[in-house]
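So the chains spell out like this:
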Amino acid sequence: MAKNKTLKSLTATSNIENQNKIAYLFILPWMLGFLVFVVYPFFQTIYNTAFQITREANTLVYTYNLNVTGGNFGTAFRNLYFFPELIDFVIMEATYVPTIIIVGFILAILLNTGVKGQSVFRVIYFLPVIIMSGPVTGILRWNGAGSLLDYESNIVFKMILSYSPGLAEALSGLFSNFTMVLWFTGIPVILFLNALQKINVNLYEAAKIDGANGWQILWKIKVPIVKPTAFVTAIFTIVQLGTFALNPVYYTIQNSIYTSAAGIGLASTFAFIYTIVVFALVGIAYLLLGRPEKIKQVTLSSIQRLNMENIAKRRLKQKNREVVVK
Amino acid sequence: MKTLLAKFGLIKSKTTTLSQNTKEYIRTHKTRITHIISQIVIYVFLITIAYVFLFPILKMISLSFMTSTDLVNPEVVWFPKVFSFSNFAVAWRVLNGSVSLVNSIQYSFLLAFFQTVISALTGFAFARYEFRGKKFLYTVLLLSFIIPVPILLITQYNMFNSLYQQFEWTGVGKGLNTYQSQLIMAFFGQGVNSAILIMIFVNFFKLIPNDLYEAGKIDGANPAQLFWHITIKLSLSTIVVVFLFSFVWNWNETYVTNMLVGDGVELFTNQLGKFDSLFGTRASDPARPDEGSGMQLVESYKMAATVISIIPLLLIYFVGQKSFVQGIEKTGITGE
């Protein structure tokens, strides 16, 4: 027995030493790839922003140009297309992401009420995730299949338009592509549904004992618990909308790589500014949703009460049984 | 005896507390009615949303069968008067279907294969081993998901460009017109959404009980054997999930492909993207060249091409539909 124990501890220590190296062996391809294809390009592209880069005889020639006129950044600010497109992109994110999260959450709650055919609805809501590629969405949008409602003749819309054209424009961007917006809720619905199904049923019962109605349960229990999921969903959606092939910024960046006058330096600057905007959006999402909320102490204490009641009930039953036996 | 007693009890309760019982009856009835109403509201809402989801797809399918006269006919909304299958023949020619289909499948399959293998290896290291810098690397992996593609792609493009020039004389590298570059990146774990794929594996591998590995070690298995005989053989369903996701995402990915492959390889996605410009040269039937000379590009052809290009994905989805949903649940990225 004692011999076995020492043997085990010996092998355990030797394993820990080995494990380090072996883990690195497993992770090696990814780590190399990460250094070569993510870390290096990331900093190289930022470095590029300070130069005018031209291609001469298939080699890249770097000329430092961060001078009084602002170099690439100045050119980027003066570019006719880039900043309007960037603003469009930010408006798109600011309107789409909240809509997608809210619609996804509502759908998940409705699916979680135990409706029949839940799996059928899930299949339909998830379908766009599979077929959504740049050209397909492009063609469907071009065809007008993305818009359902004749919102422009709506009186409410006309009122908003007369008061604030900017807001009206953002709204029309949302409604004219409402189907496409919905198409992004495929993954959020699944994530929210998964999170909702994990909520302990005792919490609801405890809340009901405290006299909470369905509405209060939604706001005081479901929303706080699902908040971390909403954060993950927000990040996922921000990234998804960014890689969305119809993102106009992407094509401006791509096209400026090939134009000889602007070249890679300007393209890098565009990409750098765009990246900062995306990081800022993720930061905003973190500030709004990232920090977990505590569920009200009251419900927690009533869970304890419920548990105690259950224990008391069980004891009573046992006693009754004992009485019957006697 | 028992039934009699029960009956007696029932009658007794009815006679004594009749008014209370009717109240109870009314109350339960009321809640039942509100329940039914709320159910109906929920179903109407869910079905409406489902309709909105499917609307573009249904519209696309409907349009893809229409002739040019049906298109302008205001009476025809959903069902064309004549189902025209020739749209699909034209679309198939414009997409260069027989070539694009094989290319698309080959391309997605190879990339998905590499991505799955490397993601499994990386996921195994994160799930099974403690090593220095593990937490840091895992955080970095998650953060890499939010780095926008363009900032990496510019330098990646330059890197591959100069790499192929360096090796031009050997004749090994075929350069930027093949998907070699993407294969290399997939092999080093940097394909489309690789971070998510690795995360799926990490979360699943963590569920495999440690005792199995201990037993394997006692039997003298080395880490590679443990990986193959325990991890891989127990997680075949997860491997299928990851492979399918990777396949679909690679199939749909166009931005990186446009940069690194360009026109070199004909794929469904890039042919569809250039449908308008390809139409003029490819639309007419080579067997009957005279008929096609006056062909107009109408949206039916475009819709037919779109239908063709998503049919393989739809097939995959309806076969592996459960796997996809489970895969997203398995990522465990619900925030805990």
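Since we're looking at a predicted model, the values are computed, not measured.

## Some details on the overall build of chain A
Helix and strand counts for chain A come out as 14 helices and two strands. Expressed as a percentage of its 326 residues, the buried residues of chain A come to 36%.

## A short note on the overall build of chain B
Secondary structure assignment for chain B yields 17 helices and zero strands. Burial statistics for chain B: of 336 residues in total, 38% are counted as buried. Taking the contacts inside chain B whose residues are at least 6 apart along the sequence as the reference set, 77% of them involve residues at least 24 apart.

## A closer look at the confidence of the model for chain B
Averaged over all residues, the pLDDT of chain B equals 80, while 84% of them reach at least 70. As scored by the predictor, the complex reaches a pTM of 0.81 and an ipTM of 0.80.

## Thoughts on the interface of chain B and chain A
Contacts between the two partners involve 67 residues from chain B and, on the opposite side, 75 residues from chain A. A per-element tally of the side of chain B that touches chain A places helix H2 (residues 18-64) of chain B first, with 13 residues.

## Comments concerning the nonpolar core
Counting residues in hydrophobic clusters, the biggest one holds 152 residues, and the most contacted among them are Ala234 and Phe270 of chain A together with Phe201 and Ala305 of chain B. The element that contributes the greatest number of residues to this core is helix H13 (residues 263-290) of chain A, accounting for 12 residues. Taken together, domain 1 (15-64) and domain 2 (72-295) of chain A each give at least three residues to this core, which thus spans both.

## Looking at the packing of helix H5 (residues 97-128) of chain B against helix H12 (residues 236-252) of chain B
Residues and elements named next belong to chain B. Their axes nearest at 8 Å, the elements H5 and H12 cross at an angle of 135°. When the interaxial angle is binned, H5 and H12 end up oblique. In this structure, the crossing between H5 and H12 has a hand that is right-handed. Contact residues: H5 offers Ser104, Ser108, Phe109, Leu111, Ala112, Gln115, Thr116, Ser119 and Ala120, while H12 offers Ile239, Val242, Phe243, Ser246, Phe247, Asn250 and Trp251. Looking at the contact of H5 with H12, its residues break down into nine nonpolar, seven polar and no charged.

## Examining the environment of proline 248 of chain A
All names here are of chain A. One can find proline 248 in helix H12 (residues 248-258). Since 15 C-beta atoms lie within 10 Å of it, proline 248 is described here as partly exposed. Taking C-alpha positions, proline 248 is 70 Å from glutamine 318, a pair spaced 70 residues apart along the chain.

Thresholds applied
- Residues numbered from 1 in each chain as written.
- Chains lettered and ligands numbered in written order.
- Predicted model: local features only at pLDDT ≥ 70, side-chain atom pairs only at ≥ 80, totals over all residues.
- Helix = DSSP H or I, 4+ residues; strand = E, 2+ residues; numbered from the N terminus.
- Buried ≥ 20, exposed ≤ 12 C-beta atoms within 10 Å, placed from the backbone.
- Contact = placed C-beta atoms within 7 Å.
- pLDDT = per-residue confidence, 0-100.
- Core = buried A, V, L, I, M, F, W, Y, C linked by C-beta atoms within 7 Å.
- Domains from an automatic or database assignment.
- Axes fitted to C-alpha atoms, helices over the stretch in contact; angles between N-to-C directions.
- Parallel < 35°, antiparallel > 145°, perpendicular 65-115°, else oblique.
- Left-handed = near helix turned anticlockwise from the far one by under 90°.
- Nonpolar A, V, L, I, M, F, W, Y, C, P; charged D, E, K, R; others polar.

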